[in-house]
Amino acid sequence: MESLHWRRNLYVCLFGSFTTIAGLSLILPFLPLYVEHLGVAGHAAIVQWSGIAYGATFFGAGATAPLWGKFADRYGRKVILIRASLAMTVAIALTGLVQDVYQLVALRLLAGLLGGYASGSIVLVATQTPKARSGWALGILSTGMLAGSLAGPLIGGALPGLIGLRQTFFAAAGVIFLTFIATATLIREEPRARAAGPHPIGSPWRQIPDRRPVYAMLLTACMLMVANMSIEPIITVYVGQIAAPGSDIAFLSGLVMAGGALASMLAAPRVGRLTDRLGPRTVVIACLAATGLLMIPQAFVTHTWQLVALRFLMGLTLAGLLPAITTLIRHAVPDRVAGAILGYSTSAQFAGQVAGPLLGGFIGGHVGMRAVFFVTAVLLFASAALNARLRFHSEPAHAA
């Protein structure tokens, strides 16, 4: 019965993570167009407001993720997923009704504050799955998240032309409502063993024997998201500069964004097995360095297909990072505070998702589009060097 529950939970979380991430990311290809539609004028202003609107979701989610993680440790993980899916249904539906850019930013922020289905799924799967299968399960869940990142931009590039900008949000909200129903009716959370004595009070950090791997993974998670998201607010403008005249910019932008997600989705299960053999720390260092190298030629592309190819290759290098980070954190912290610490990991990721678009929007609007890639590469190399210098004692043993 236990085996049936964790597998079923995984598949429901897989579906839910896919739909919620797709619902949030479908705005990316037409976000600058939507911002302009709401009355913002001027190239720099459109780029910067696009970065603010997109980053607001991750700022809100990052601010509340540790709180929801503590709540999950105390009261259960399923209730977090129910709340997140319902809140995101309402927020995304209302996004289709906004009349100015301030309302857009406010609703994107609300979706982050009350959402977080994918991060809640990571907590549930990481704590409910048997440790011998956790790497595989987290890899499968990561595939669903990446598939959502792939489908969202593609949907956002194609659907508005068929049903309209605002109707696209209503359709996405309807699909996420199905996630709410599936979560409420199908997930069965296994009872957790209670530790002797009262529930720990105070900072969960005091419960961790060795905090160094956790700190290192928080920084790594942040840098990963900075690398992945720095191009997002400028992608439509950047593609417009290199695409042939008369091209469908929204569709090409969605294709560029989807390329990396497709590669990561295809590679994640295989990289997960490689992580089990080599150890997650080795994979983290190698992937950070390789991603930094792939950022540089993106600044010199002259055709859209070149950017698509490089983003695809970058997706391969990013594929195993989040599962490896989660695996290291899970093995470094006690189960009784796993939700809270994984919440901080989510906050670090969202900090990168906030910093990435803001960084890309500011540099792209004031310095130049190509400079975004150079700055991001430097940050990735610095993160890889830091991980290479550190030595952990809590890294899980890996297969010979």
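These numbers come from a predicted model, not from an experiment.

K.L.:
I'd love a proper account of the domain arrangement of the protein, names of residues and values included.
P.N.:
Annotation of the protein at the domain level lists domain 1 (1–189) and domain 2 (210–392). Taken together, the 41 residues of domain 1 in the interface contact 41 residues of domain 2. Approximately 3,700 Å² of surface area, both sides summed, lies buried where domain 1 meets domain 2, with 73% of it carried by carbon and sulfur atoms. Taken as a group, Val47, Phe58 and Leu150 account for 14% of the area that domain 1 buries against domain 2, more than any other trio of residues on that side. At the boundary of domain 1 with domain 2, the tally comes to zero salt bridges. The interface formed by domain 1 and domain 2 holds one residue pair in polar contact (both at pLDDT 80 or more) in total. Of all the elements, helix H3 (residues 43–75) adds the most residues to the side of domain 1 that touches domain 2, at 17 residues.

K.L.:
Which residues make up the packing of helix H12 (residues 280–295) against helix H14 (residues 321–332), and what values go with them?
P.N.:
For the pair H12 and H14, the least separation of the axes is 9 Å and the interaxial angle reads 145°. At the point where H12 passes H14, the crossing takes the left-handed sense. Mapping the contact onto sequence places Pro280, Arg281, Val284, Cys287 and Leu288 in H12 and Leu321, Ala324, Ile325 and Leu328 in H14. Grouping the constituent residues of the contact of H12 with H14 by class yields eight nonpolar, no polar and one charged.

K.L.:
An account of the nonpolar core is needed here, citing residue identities and associated values.
P.N.:
Of all hydrophobic cores here, the largest spans 107 residues; its most connected members are Tyr34, Leu104, Val214, Leu307, Val333 and Ile341. Per element, the largest residue contribution to this core is eight residues, and it comes from helix H9 (residues 212–229). Residue contributions to this core reach at least three from each of two domains, namely domain 1 (1–189) and domain 2 (210–392). Leu307 has contacts with Ile235, Tyr238, Val239, Ile242, Val256, Gln298 and Val301, leaving out every residue within four places of it along the chain.

Conventions and cut-offs
- Residues numbered from 1 in each chain as written.
- Predicted model: local features only at pLDDT ≥ 70, side-chain atom pairs only at ≥ 80, totals over all residues.
- Heavy atoms only, no water.
- Domains from an automatic or database assignment.
- Contact = heavy atoms within 4.5 Å.
- Buried area = accessible area lost by both parts, 1.4 Å probe.
- Salt bridge = Lys/Arg side-chain N within 4 Å of Asp/Glu carboxyl O.
- Polar contact = N/O pair within 3.5 Å; in protein donor to acceptor, adjacent residues only side chain to side chain.
- Helix = DSSP H or I, 4+ residues; strand = E, 2+ residues; numbered from the N terminus.
- Axes fitted to C-alpha atoms, helices over the stretch in contact; angles between N-to-C directions.
- Left-handed = near helix turned anticlockwise from the far one by under 90°.
- Nonpolar A, V, L, I, M, F, W, Y, C, P; charged D, E, K, R; others polar.
- Core = buried A, V, L, I, M, F, W, Y, C linked by side-chain atoms within 4.5 Å.
- Buried < 20%, exposed > 50% of the residue type's maximum accessible area, 1.4 Å probe, protein only.

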